[in-house]
Amino acid sequence: MKLIPPVEITTERLIANNAPETSQEEAATYDPEATYAKKARVQVPETHTIYESAKDDNTGNYPPDHLTPDADGQPAAWLRVMSTNPRAMFDGRIGTLTSGNTEWAVGNGKGLQFEIAPGRVVNSVILFGLEGQAVTAEVVDPVEGVVFERRLSLVATTGINTMYAYLFSPIERRADLAFLDLPSYGTANIRISIDSGSGMARCGLCIVGQARQIGLTKWGINTGIINYSRIEDDQFGITDIRPRGFVRRASMDVLLEKNRTNGVYRDLAKYRATPVVWVGYQDFEPTLIYGVFSSFDIIYPHAAYNDCAIEIRGIQT
């Protein structure tokens, strides 16, 4: 089992990105001289964020400075909606998507391509909410050039084990991918290319970080989802279903080496309120979760090893 704290992707670290800016039709650039009606949306280039007006006759209120109620008890003038299109996949929210279908600056292809300079040693890239044909991850060192390159298809082949299934089963695509074995170069950049094929490339969340080994995940993993859809029956027995979002959840038992137990305890306590990526088994998509743990228990059954039971809850903000 691995824990991967995310590296914050700032303007300085995002050195290349071909995703188009949010259109002016969707959210016009904020104009301090304009008057905005309630629910009007604007974008502020300085913060790479889209805001929505919370009142009518909204004039002269710079959105980033008016997100909280005034001292006289008046409500906030603006509400934060989401990051602009190029930054949506770095805002810590899986539900906000970065979309693009333009030519790559490096290589042959189109879709999304971005390059990150983490400024530190990282060995993992995790992508959630993907749409497209394939994803290529590269590690580019300023001296040695490309030292790592791997392309993974988004076509899901699980269950395609007969010729009939190969020919007639509908094509399904993976939405989440993890590259967990990047070489450790402290000065290298990470380049990610999402091939859109004939459609649109999308990414909900990109996490770059250095994986921390927790221990060996034991068989008996319990995974599933927490469903927020509403299912209600009226007085005539007619069922009304209102689809809503869901989050992943998992219960895992982990075998800890005795000499690592104290470090694992400190790590888990440190990230008790910080969303991180949890990897139970890399090939099992339900065990790839962006979220927080709700509880953990360390058991000392043996002199050479210890057990740890972790409850993990995903977030979909």
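Criteria and thresholds
Residues numbered from 1 in each chain as written. Predicted model: local features only at pLDDT ≥ 70, side-chain atom pairs only at ≥ 80, totals over all residues. Heavy atoms only, no water. Pairing = 2+ DSSP bridges. Helix = DSSP H or I, 4+ residues; strand = E, 2+ residues; numbered from the N terminus. Axes fitted to C-alpha atoms, helices over the stretch in contact; angles between N-to-C directions. Salt bridge = Lys/Arg side-chain N within 4 Å of Asp/Glu carboxyl O. Buried < 20%, exposed > 50% of the residue type's maximum accessible area, 1.4 Å probe, protein only.

S.K.: Describe the sheet that holds strand β5 (residues 41–44), with residues and values.
M.R.: Ordered in space as β3-β5-β6-β8, the four strands form an open sheet in which the pairing is mixed. The outermost strands of the open sheet, each flanked by one partner alone, are β3 (28–29) and β8 (78–83). Relative to β5, β3 runs parallel, the two being bridged by two bridges. Within β5, the position partnered with Thr29 by the bridge is Gln43.

S.K.: Give a detailed account of the sheet that holds strand β12 (residues 124–128), specifying residues and quantitative values.
M.R.: Reading across from one edge, β15-β12-β18 is the order of the three strands in this open sheet, with antiparallel pairing throughout. Whereas interior strands pair on both sides, the edge strands pair on one side only; in this sheet they are β15 (177–179) and β18 (205–209). Strand-to-strand twist of the sheet, defined as the mean angle between neighbouring strand axes without regard to direction, takes the value 10°. Here β12 pairs with β15 via three bridges, running antiparallel. Among the inter-strand pairings, Leu127 is bridged to a residue of β15, identified as Leu177.

S.K.: Go over the pattern of salt bridges, please, and point to the residues and values.
M.R.: A complete count under the given rule lists twelve salt bridges for this structure. Of the charged contacts in the structure, one is a salt bridge between Arg191 and Glu138, with a shortest N-O distance of 3.3 Å. With Arg191 in strand β16 (residues 189–195) and Glu138 in strand β13 (residues 134–141), this pair connects stretches of sequence that are 53 residues apart. Like Arg191, the residue Glu138 is buried in the burial classification. Of the charged contacts in the structure, one is a salt bridge between Arg230 and Glu232, with a shortest N-O distance of 2.4 Å. Each of the salt bridges in this network shares a partner with another, and the network as a whole consists of Glu115, Glu138 and Arg191.

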